[in-house]
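# Fold and geometry: a report
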Amino acid sequence: MGSSGAVERTGRAARLTQKCTTEIRTMEDLVGPGAAPGTVPTDLEQSTGLERLEILGKMESIDVFDMRPLDASRLGTLANPVLVRSAGEEQFAGCTGVPADSHNVIWLGMSRERPIERCPECGSVYKMEYVGPQEDAHHDHGHGHGWQEPKTMADYVKPEYW
């Protein structure tokens, strides 16, 4: 009974110091309280950053990273691509064909500069929908580093063939 009481007190203290996902405003809000001296911390107590955000979201039944499978019920086209949401500068999506699992996984990389990709196996088109902050501190900054994305065969295909 004594050890379960300590667990309950630790759990109550953790609940008092944790924030809801709607209360998170800064990175400091994503630092856990840590464990009481002499105890082993739980994932909630020791997690920080994105891991903590994910745990807090799961506790509120919120899928913070939107891990639902992509729509594999149809072939994406340029006019109606399969949308891939991303809060970052780039996103990878695995295409398994239409219908699903009709070919091995082919990983397609999309970015804010090049948001549309076509699967070379089945032809399905995927488009990255950027949902992150509009002002990104890590974006180019206008320094002109001179890096350009390498050209692919898609850059040479006439638009009427798409």
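What you see is a predicted model; the values in this text were computed from it and never measured.

The next point concerns the pattern of salt bridges. Taken as a whole, this structure holds 6 salt bridges when the rule is applied. For the salt bridge of Asp-71 with Arg-74, the shortest nitrogen-to-oxygen distance reads 3.0 Å. Under the relative-accessibility criterion, Asp-71 is labelled partly exposed at 36%. Residue classification places Arg-74 among the partly exposed positions, given a relative accessible area of 27%. Residues Arg-114 and Glu-117 are paired through a salt bridge, measuring 3.1 Å at the closest nitrogen-oxygen approach. For the pair formed by Arg-114 and Glu-117, the shared burial category is buried.

Residue position: Ser-47 is located in the loop between helix H2 (43-46) and helix H3 (49-59). Among the residues examined, Ser-47 registers a relative accessible area of 1% and is labelled buried. In this structure the side chain of Ser-47 is engaged in a polar contact, spanning 3.5 Å, whose partner is the backbone oxygen of Leu-44. If we ignore the near neighbours within four places in the chain, the residues touching Ser-47 are Leu-30, Val-31, Gly-32, Arg-52 and Ile-55.

Before going further, it helps to spend a moment on the confidence of the model for the protein. Close inspection of predicted coordinates is inappropriate for parts of the model with low pLDDT. Of the residues in the protein, 80% have a pLDDT of 70 or more, and the chain-wide mean is 80. Within the model, the stretch residues 1-16 combines pLDDT values under 50 with 2 contacts to residues more than four positions away or in other chains.

With that settled, the discussion passes to the environment of Ala-87. Here Ala-87 shows up in the loop between strand E1 (82-86) and strand E2 (90-95). Taking relative accessible area as the criterion, Ala-87 reaches 55% and is therefore assigned exposed. Remark: the alpha-carbon pair of Ala-87 and Tyr-130, spanning 43 residues in sequence, is separated by 5.8 Å.

On to the packing of aromatic side chains. Scanning the entire structure with this criterion turns up 0 aromatic pairs. Residue placement shows Arg-112 over the ring face of Tyr-130; its charged tip is 3.8 Å from the ring centre.

Rules used throughout
Residues numbered from 1 in each chain as written. Predicted model: local features only at pLDDT ≥ 70, side-chain atom pairs only at ≥ 80, totals over all residues. Heavy atoms only, no water. Salt bridge = Lys/Arg side-chain N within 4 Å of Asp/Glu carboxyl O. Buried < 20%, exposed > 50% of the residue type's maximum accessible area, 1.4 Å probe, protein only. Helix = DSSP H or I, 4+ residues; strand = E, 2+ residues; numbered from the N terminus. Polar contact = N/O pair within 3.5 Å; in protein donor to acceptor, adjacent residues only side chain to side chain. Contact = heavy atoms within 4.5 Å. pLDDT = per-residue confidence, 0-100. Phe/Tyr/Trp six-rings, centres within 6.5 Å; stacked < 30°, edge-to-face > 60°. Lys NZ or Arg CZ within 6 Å of the ring centre and 35° of its normal.

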